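Understanding the architecture of this molecule
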Amino acid sequence: MISFLRYAMIRAFQNMRGNLFPNLTTIGIIAITLLIFSVFSLIAFNLASFLKIWENKIEVIVYLKKGIQISELESLLKNTQQIEGIEAVKYVSPSDAMTFMETKLGSQKNLLEGIQPAVLPPSFEIQLKKDYRNSAKIKEVVSRLKQFPQIEEIQYGQEWVETFSGIIHLMRLTQWILGGLLLAAMIFIISNTLQLTFSSRREEIEVMHMVGASPAFIQVPFHIEGLIQGFLGAGLAVLLLLLLFKVFLLYITPLMRGWLAGIPILFLPLETITWILLGGMVLGVFGSFIASMRFLKYS
Amino acid sequence: MIEMSHVSKTYPSQISALIDISLKISPGEFTFIAGPSGSGKSTLLRILFCAEKPSSGEVMVNGITITHPRFKKVYQLRKTMGIVSQDFKLLRDRTVKDNVAFALEVADQPSEVVKKRVTEILRQVGLQEREKDSILSLSAGEKQRVAIARALVNDPPLILADEPTGILDAQMTTDVMKIFTDLHQKGTTVVVATQDMDLIQSYPYKAIPLLAGRRVDMETGDEVRQEA
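Residues numbered from 1 in each chain as written. Chains lettered and ligands numbered in written order. Predicted model: local features only at pLDDT ≥ 70, side-chain atom pairs only at ≥ 80, totals over all residues.

1. A closer look at the overall build of chain B
Each helix and strand in chain B was counted, giving 7 helices and 10 strands. For chain B, the residues scored as buried account for 42% of the 228 residues in total. Pairs at least 24 apart in sequence give 67% of the contacts found in chain B among residues at least 6 apart. (Helix = DSSP H or I, 4+ residues; strand = E, 2+ residues; numbered from the N terminus. Buried ≥ 20, exposed ≤ 12 C-beta atoms within 10 Å, placed from the backbone. Contact = placed C-beta atoms within 7 Å.)

Structure (structure tokens):
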């Protein structure tokens, strides 16, 4: 078994060396196709992590009706705290709100001169449990809150959450549709390159058939060749992506940096990189398998 | 050893290569498949080593019904036979020794067994002095002897040779036929397809003549109908 694997590895490398140009072309094409897929993965990954950061900060502001009585306030606070998915509720009185606005305005706080805190509504700042910090779950909490007549208005950045979730969903969808198309293209390219290798080794394959070499003996070196092509192509794709990522970070505009407001731009995690490499290898083997089904069969 | 029963082969182009052929070759027998070019000799041999499937009929080789729909392990059958073709089918980028060793290597034989057996078989075919030479440096007769050595190296009970002397001169033909007759005397079943009638008449072995895909009588040329 070991001697067979050693033979298969040696044959695979000999094949690759003997057909260097088609092999390099295949590796290059695999790298480009996987790079396109990886770019989409990277964008989707960053948008998702951006959303996650934002979701962690997400809170629901409930504006209460002006003139609400203390007794009503206490029972409303208690009832609100009991709603499923709510982690903490902080009451913000009109004067707290005024202080907050003054702090926000800083040197321009004189704009608030003459304005009484009473014009500002009292509110609850509601923090949600981790599982509830998404568009669907927020809606559940909000619909429960809307049942209280003392509540005037509820704000939670609904549109923003929905739009952003939609963009991520679209990115993921594009990533997988594109991935599927690229996958088919890769299998086609790998199987065609291996056909060139088969042609160049036709004589040897014929002799192998003649002397009764087992299908594994004939096919495994080609499968290893496909696996190596897939691995090298995927590895090259990850390296190119890293290069593009570094260049992007280097040339990112100050305006964009400001817009991102300290949100980090991340490279693909090790797990995803491992999946891309494994995917490349599986596709390589699959491509060679298809080619061998057509060309290495015993007649 | 070999049994064919009402075997016909028609190619997609509607050319009938074999028509209702029945024959039986016993173990240890030396048999010529005789006939001019296009008579169906090669097709018959190709059916025996599973390079072609017959359109109809039944074929049994080495106790295996190779026409059975569930028969798939062609490579296992081929390990029990040595195949020699007119165009040698040698690996031109390898030495004499490597070409012969190849048949053992694909059977995953240990290197010491390969070395010993290759030396033995090259001595048997008279090529021991040329084992390190490139195939390209050999004469046609020597190439054919390498091809025979490769066919014999696994010690198969059956040898199928398609026009093994087709492009050889008289001396080379005699040398090659001597290898086959020696094998036959040791008990190997040998089937040689040839169009050389002089060659067939030089040896006291059975001949199965074919003409335009039909089995015919050697003397009269009439079609032979044989129940198998």
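2. Looking at the pairing of strand E1 (residues 59–64) of chain A
Looking along a regular strand, one sees side chains alternate from face to face of the sheet. Residues and elements named next belong to chain A. Burial of E1 is one-sided: the residues Val 60, Val 62 and Leu 64 facing one way are buried, the residues Glu 59, Ile 61 and Tyr 63 facing the other way are not. Sheet topology note: the E1/strand E3 (residues 123–128) ladder contains 5 bridges and is antiparallel. Among the inter-strand pairings, Glu 59 is bridged to a residue of E3, identified as Gln 127. In this structure, E1 lies alongside strand E4 (residues 151–155), joined through 4 bridges in antiparallel fashion. If you follow Val 62 over to E4, its bridge partner there is Ile 154. (Pairing = 2+ DSSP bridges.)

3. Section: the packing of helix H2 (residues 20–57) of chain A against helix H8 (residues 215–251) of chain A
Residues and elements named next belong to chain A. The interhelical angle for the contact between H2 and H8, taken along N-to-C directions, is 50°, at an axis separation of 7 Å. The pairing of H2 with H8 is recorded here as oblique in orientation. For the crossing formed where H2 meets H8, the hand is right-handed. Counted together, Asn 23, Thr 26, Ile 27, Ile 30, Ala 31, Leu 34, Leu 35, Ser 38, Val 39 and Leu 42 of H2 and Gln 229, Gly 230, Leu 232, Gly 233, Ala 234, Leu 236, Ala 237, Val 238, Leu 240, Leu 241 and Phe 245 of H8 form the full contact between these two elements. Partitioned by chemical class, the residues of the contact of H2 with H8 number 15 nonpolar, 6 polar and no charged. (Axes fitted to C-alpha atoms, helices over the stretch in contact; angles between N-to-C directions. Parallel < 35°, antiparallel > 145°, perpendicular 65-115°, else oblique. Left-handed = near helix turned anticlockwise from the far one by under 90°. Nonpolar A, V, L, I, M, F, W, Y, C, P; charged D, E, K, R; others polar.)

4. Details of the sheet that holds strand E2 (residues 86–92) of chain A
Each strand in a sheet pairs with its neighbour through backbone hydrogen bonds, running either in the same direction (parallel) or in the opposite one (antiparallel). All names here are of chain A. What the 4 strands build is an open sheet, ordered E2-E3-E1-E4; its pairing is antiparallel. In this open sheet, the two strands that pair with only one neighbour each are E2 and E4. The sheet shows a mean angle of 20° between the axes of neighbouring strands, direction not considered. The strands touched by helix H3 (residues 70–81) are E2 and E3; relative to E2, the strand with the most contacts, the crossing angle is about 160°.

5. Re helix H7 (residues 202–210) of chain A
By the burial criterion, the buried members of H7(A) are Val207(A), Met208(A), His209(A) and Met210(A). On its buried side, H7(A) packs onto H8 of chain A together with helix H2 (74–78), strand E6 (81–85) and helix H3 (96–105) of chain B. Just beyond H7(A), the residue with positive phi is Gly212(A), at close to 80°.

6. A few points about the sheet that holds strand E9 (residues 206–211) of chain B
All names here are of chain B. Spatially, the 6 strands line up as an open sheet ordered E6-E7-E8-E3-E9-E10, and their pairing is mixed. Only two strands of the sheet have a single neighbouring strand rather than two, namely E6 and strand E10 (214–215). Relative to E10, E9 is paired through 2 bridges, and the arrangement is antiparallel. Looking at the pairing, Leu 211 lines up with Arg 214 of E10. Across the sheet, helix H1 (residues 41–48) touches strand E3 (30–34), strand E7 (158–162), strand E8 (189–194) and E9, and the angle it forms with E7 is around 150°. In the packing of helix H6 (residues 170–185) onto the sheet, the strands contacted are E3, E7 and E8, and the crossing angle to E8 comes to about 150°.

7. Some points on the interface of chain B and chain A
Every contact between the two is made by 14 residues of chain B and, on the other side, 16 residues of chain A. Those elements giving two or more residues to the side of chain B that touches chain A turn out to be H2 and H3 of chain B. Element by element, the count of residues in the side of chain B that touches chain A is highest for H2(B), at 4 residues. By residue class, the composition of the side of chain B that touches chain A is 8 nonpolar, 1 polar and 5 charged.

8. A look at unusual backbone geometry
All names here are of chain B. Of note in the backbone geometry, Gln 14 takes a positive phi value of approximately 70° without being a glycine. Look at Gln 14 and you get exposed, because 6 C-beta atoms sit within 10 Å. Notably, Cys 50 is not glycine yet its phi reads approximately 65°, a positive angle. Relative to the elements of secondary structure, Cys 50 occurs in the loop between H1 and strand E4 (56–61).

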